[in-house]
Amino acid sequence: MANPIVHFELMGPDGKQQKTFYESMFGWQLEAVPGFGDYFTVEKDAIGVGGAVGQGPEESPAYLTIYVEVADIDAHLARIEKAGGNTITPRTVIPGTVTFAMFADPAGNVVGLVEQDDAEATG
(Lines give C-alpha, C1' and ligand atoms only; values in the text may rest on other atoms or scores of the structure.)
Protein backbone atom coordinates (compact mmCIF):
# COMPACT_ATOMS: atom_id res chain seq x y z
CA MET A 1 0.00 0.00 0.00
CA ALA A 2 1.16 3.55 -0.73
CA ASN A 3 1.85 5.90 2.16
CA PRO A 4 -1.43 7.67 3.01
CA ILE A 5 -2.07 11.35 3.70
CA VAL A 6 -3.07 11.44 7.36
CA HIS A 7 -3.19 15.13 8.28
CA PHE A 8 -3.26 18.65 6.83
CA GLU A 9 -2.69 22.16 8.14
CA LEU A 10 -4.29 25.38 6.84
CA MET A 11 -2.44 28.09 8.70
CA GLY A 12 -2.62 31.87 8.62
CA PRO A 13 -1.39 34.88 10.59
CA ASP A 14 -4.65 34.99 12.61
CA GLY A 15 -5.59 31.54 13.90
CA LYS A 16 -9.01 32.53 15.23
CA GLN A 17 -9.90 34.10 11.88
CA GLN A 18 -8.84 30.87 10.13
CA LYS A 19 -11.04 28.88 12.53
CA THR A 20 -14.08 31.11 11.98
CA PHE A 21 -13.64 31.07 8.20
CA TYR A 22 -13.42 27.28 7.83
CA GLU A 23 -16.21 26.61 10.31
CA SER A 24 -18.54 28.99 8.48
CA MET A 25 -17.56 27.91 4.95
CA PHE A 26 -17.67 24.13 5.42
CA GLY A 27 -19.46 23.43 8.70
CA TRP A 28 -16.30 22.01 10.29
CA GLN A 29 -16.33 21.66 14.08
CA LEU A 30 -12.83 22.79 15.06
CA GLU A 31 -11.56 22.09 18.57
CA ALA A 32 -8.74 23.95 20.36
CA VAL A 33 -5.66 21.93 21.26
CA PRO A 34 -4.65 22.83 24.85
CA GLY A 35 -1.16 24.28 25.05
CA PHE A 36 -0.86 24.93 21.29
CA GLY A 37 -2.16 28.52 21.05
CA ASP A 38 -4.51 29.21 18.15
CA TYR A 39 -4.31 25.67 16.72
CA PHE A 40 -7.62 23.93 16.13
CA THR A 41 -8.21 20.38 14.90
CA VAL A 42 -10.95 18.63 13.01
CA GLU A 43 -11.36 14.86 13.22
CA LYS A 44 -10.85 12.47 10.33
CA ASP A 45 -14.34 11.00 10.72
CA ALA A 46 -15.88 14.43 10.21
CA ILE A 47 -14.25 15.38 6.89
CA GLY A 48 -12.30 12.38 5.52
CA VAL A 49 -8.80 13.23 6.75
CA GLY A 50 -7.81 14.74 10.08
CA GLY A 51 -6.38 18.20 10.04
CA ALA A 52 -5.82 21.53 11.69
CA VAL A 53 -6.53 25.21 11.12
CA GLY A 54 -4.79 27.97 13.01
CA GLN A 55 -1.99 30.45 13.40
CA GLY A 56 1.26 29.70 11.60
CA PRO A 57 4.73 30.57 12.90
CA GLU A 58 6.05 34.09 12.46
CA GLU A 59 8.53 33.04 9.74
CA SER A 60 5.78 31.48 7.58
CA PRO A 61 2.39 32.63 8.87
CA ALA A 62 0.30 31.35 5.94
CA TYR A 63 0.71 27.89 4.49
CA LEU A 64 -1.11 24.73 3.48
CA THR A 65 0.64 21.43 3.89
CA ILE A 66 -0.21 17.76 3.95
CA TYR A 67 1.37 15.10 6.15
CA VAL A 68 2.19 11.66 4.80
CA GLU A 69 2.43 8.64 7.09
CA VAL A 70 5.73 6.73 6.92
CA ALA A 71 7.32 3.93 8.95
CA ASP A 72 10.68 5.69 9.47
CA ILE A 73 11.02 9.46 9.14
CA ASP A 74 14.81 9.50 9.11
CA ALA A 75 14.98 6.89 6.33
CA HIS A 76 12.48 8.89 4.26
CA LEU A 77 14.33 12.16 4.78
CA ALA A 78 17.53 10.51 3.54
CA ARG A 79 15.71 9.28 0.40
CA ILE A 80 14.11 12.70 -0.11
CA GLU A 81 17.48 14.48 0.06
CA LYS A 82 19.02 12.02 -2.44
CA ALA A 83 16.11 12.75 -4.80
CA GLY A 84 16.60 16.54 -4.67
CA GLY A 85 14.44 17.53 -1.70
CA ASN A 86 15.56 19.34 1.46
CA THR A 87 14.81 18.77 5.13
CA ILE A 88 13.02 21.78 6.61
CA THR A 89 12.25 20.37 10.08
CA PRO A 90 14.11 17.22 11.14
CA ARG A 91 12.45 14.37 13.02
CA THR A 92 10.71 16.06 15.95
CA VAL A 93 8.91 14.35 18.82
CA ILE A 94 6.06 16.07 20.62
CA PRO A 95 5.54 13.60 23.52
CA GLY A 96 2.09 12.10 23.65
CA THR A 97 1.08 13.87 20.45
CA VAL A 98 3.10 13.13 17.30
CA THR A 99 6.50 12.46 15.75
CA PHE A 100 6.88 14.53 12.58
CA ALA A 101 9.27 16.17 10.13
CA MET A 102 8.89 18.56 7.20
CA PHE A 103 10.68 18.71 3.87
CA ALA A 104 10.66 20.77 0.69
CA ASP A 105 10.28 18.88 -2.58
CA PRO A 106 12.42 19.89 -5.59
CA ALA A 107 9.81 22.54 -6.54
CA GLY A 108 9.81 24.06 -3.04
CA ASN A 109 6.49 22.63 -1.81
CA VAL A 110 6.63 21.92 1.92
CA VAL A 111 5.27 18.51 2.94
CA GLY A 112 5.13 16.87 6.35
CA LEU A 113 5.92 13.34 7.43
CA VAL A 114 4.30 11.54 10.37
CA GLU A 115 5.67 8.31 11.84
CA GLN A 116 3.17 5.46 11.73
CA ASP A 117 3.30 4.78 15.46
CA ASP A 118 2.10 8.34 16.14
CA ALA A 119 -0.17 8.85 13.10
CA GLU A 120 -3.34 8.26 15.13
CA ALA A 121 -2.47 11.23 17.37
CA THR A 122 -2.61 13.65 14.43
CA GLY A 123 -6.07 13.12 13.18
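Structure: see above.
Residues numbered from 1 in each chain as written. Predicted model: local features only at pLDDT ≥ 70, side-chain atom pairs only at ≥ 80, totals over all residues. Heavy atoms only, no water.

## Re the pattern of salt bridges
Summed over all chains, the structure comprises 3 salt bridges. Note that Glu115 and Arg91 form a salt bridge whose closest N and O atoms lie 2.9 Å from each other. Of this pair, Glu115 sits in strand E8 (residues 110-115) while Arg91 is found in strand E6 (residues 86-94), placing the two residues 24 residues apart along the sequence. Note on Arg91: relative accessible area 37%, which makes it partly exposed. (Salt bridge = Lys/Arg side-chain N within 4 Å of Asp/Glu carboxyl O. Helix = DSSP H or I, 4+ residues; strand = E, 2+ residues; numbered from the N terminus. Buried < 20%, exposed > 50% of the residue type's maximum accessible area, 1.4 Å probe, protein only.)

## Thoughts on the nonpolar core
Ranked by size, the top nonpolar core spans 9 residues in total: Val68, Val70, Ile73, Leu77, Ile80, Ala101, Phe103, Val111 and Leu113. Elements represented by at least two residues in this core include exactly strand E5 (63-70), helix H3 (73-82), strand E7 (98-104) and E8. Considering each element in turn, this core owes the most residues, 3 residues, to H3. Ignoring anything within four residues of it in the chain, the contact list for Val68 reads Asn3, Pro4, Ile5, Val111, Gly112, Leu113 and Val114. (Core = buried A, V, L, I, M, F, W, Y, C linked by side-chain atoms within 4.5 Å. Contact = heavy atoms within 4.5 Å.)

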